[in-house]
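Next come the chains, spelled out residue by residue.
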Amino acid sequence: RLADCEAEIAEIDARVAALKGEFASRTREAEALKHRLELAETTLGKAQALLSRLGGEEARWRAQAAELGAEAAALPRRLLVAAAFATLLAKQPEDARARRVAEWTKLAGLRERRFDLARTLAASESQLVAWRQQGLPADSLSRENALVFEESARRRRVPFVVDPSRAAARWLAAQPFESVDATEPRLAHRVALAARFGKALLILDVDGLDPALYPLARRDLELGEGGRRLVRLGDRLVDFHEDFALALATRSPTPRLPPDAAALVVEINFTVTRSGLEAQLLSATLEHERPALEK
């Protein structure tokens, strides 16, 4: 009888030990589930907070998307106005530009208080600042002229800069052009070398477009032996490189450009106007008095 009781007690002890082990296992599982639940609640709280913050951004994003869509729809018309500006208005004074651009933007259906050529041509702020540091005057007319100059040179047109007061002389000197005076005795030789090796050449103090440069301005090319591309310069043919670029500058306020010459160049008028001078003086004053604000 005692042996039976001892066996029964041993069996009960074994069952108790097994139940204690199972209890410990279930307790660990419960702790793990509790930890995972806390993590899920934390994640859910962060997600809800993020959604609440993003909910306020939705209206702004929708408005921004609508604005970008409107800008994309208006881009062809803005580029049309920019092309007309570069072709027809670069030679005009500031007041004539403003008047014509206002008419064109109205005809094009553009709702802009002031047409921004730099924004239309995707000019960066850093580029405009670099031009200022190179000596470009601070007024809007000079910025527009610089944009037209760069765009014309990039498209291998011939910029014809009218700069009676030499307001843009320092900026022009900083451009990637080799400068040569129109009175230099070996001008034809310098032009031939630039055409042959694909250099950018700026001819200073011209009175107009020399007829000898018409073939270069038109890029009237002839094929020579071995597929060489030639262009006529005066009475001889010279090799022509595709990277050749030509620009002209004059100090004459009224250069002589007959219709056939005017069609070959992009005239860019840097003549200082009263409003342009006011803008330059304001910029110089700010730079002196409040340099941080001017930057």
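Residues numbered from 1 in each chain as written. Predicted model: local features only at pLDDT ≥ 70, side-chain atom pairs only at ≥ 80, totals over all residues. Heavy atoms only, no water.

Colleague: Pulling in residues and values, what's your account of the side chain of Ser152?
Modeller: Locating Ser152 in the fold gives a position in helix H5 (residues 140-154). When its relative accessible area of 7% is taken as the criterion, Ser152 is described as buried. Leaving out residues up to four positions away in the same chain, Ser152 has contacts with Arg157, Pro159 and Val266. (Helix = DSSP H or I, 4+ residues; strand = E, 2+ residues; numbered from the N terminus. Buried < 20%, exposed > 50% of the residue type's maximum accessible area, 1.4 Å probe, protein only. Contact = heavy atoms within 4.5 Å.)

Colleague: Tell me about the sheet that holds strand S5 (residues 229-233), and please be specific about residues and values.
Modeller: Think of a sheet as strands paired side by side through backbone hydrogen bonds, with each pair either parallel or antiparallel. On the basis of which strands lie adjacent, the open sheet formed by three strands has the order S4-S5-S6 and antiparallel pairing. Each edge of the sheet is formed by a strand with only one pairing partner; in this case those strands are strand S4 (221-223) and strand S6 (236-239). The mean angle between the axes of side-by-side strands here comes to 45 degrees, regardless of whether they run parallel or antiparallel. Sheet strands touched by helix H7 (residues 187-197): S5 and S6. Its angle to S6, the strand with the most contacts, is close to 40 degrees. (Pairing = 2+ DSSP bridges. Axes fitted to C-alpha atoms, helices over the stretch in contact; angles between N-to-C directions.)

Colleague: Could you give an account of empty space enclosed by the protein, with specific residues and numbers?
Modeller: Within this structure, the stated rule accounts for two cavities of 30 Å³ or more. Put simply, the largest cavity is a space of about 40 Å³. Lining the largest cavity are Arg156, Arg157, Val158, Leu216, Ala217, Arg219, Phe244, Ala245 and Leu246. Put simply, the parts of the chain that give the lining of the largest cavity at least two residues each are helix H8 (214-218) and strand S7 (245-250). Class assignment of the residues belonging to the lining of the largest cavity gives a composition of six nonpolar, no polar and three charged. (1 Å grid on protein atoms, 1.4 Å probe; cavity = no way out; pocket = protein on both sides within 12 Å on 5 of 7 lines; lining within 4 Å. Points joined across faces, edges and corners; volume = space filled by probe spheres on them. Nonpolar A, V, L, I, M, F, W, Y, C, P; charged D, E, K, R; others polar.)

Colleague: Describe the pattern of salt bridges, naming the residues involved and giving the relevant values.
Modeller: Within the structure shown, the criterion is met by 14 salt bridges. Between Glu22 and Arg26 there is a salt bridge, and its shortest N-O distance comes to 3.9 Å. On the criterion of helical spacing, the pair formed by Glu22 and Arg26 is a turn pair, its members being four residues apart in helix H1 (residues 2-89). Owing to a relative accessible area of 41%, Glu22 belongs among the partly exposed residues under this scheme. Between Glu242 and Arg219 there is a salt bridge; the shortest N-O distance is 3.7 Å. Placement of the pair is Glu242 in the loop between S6 and S7 and Arg219 in the loop between H8 and S4, with a sequence separation of 23 residues. (Salt bridge = Lys/Arg side-chain N within 4 Å of Asp/Glu carboxyl O.)

Colleague: Now, about the pairing of strand S8 (residues 265-269): what can you tell me, with residues and values included?
Modeller: As a general feature of sheets, a regular strand has side chains that alternate between the two faces. Counting buried residues along S8, four of its five residues qualify, which places the element largely inside the surrounding structure. As paired elements, strand S1 (residues 158-162) and S8 share five bridges and run parallel to each other. Of the residues in S8, the one forming a bridge with Val158 is Val265.

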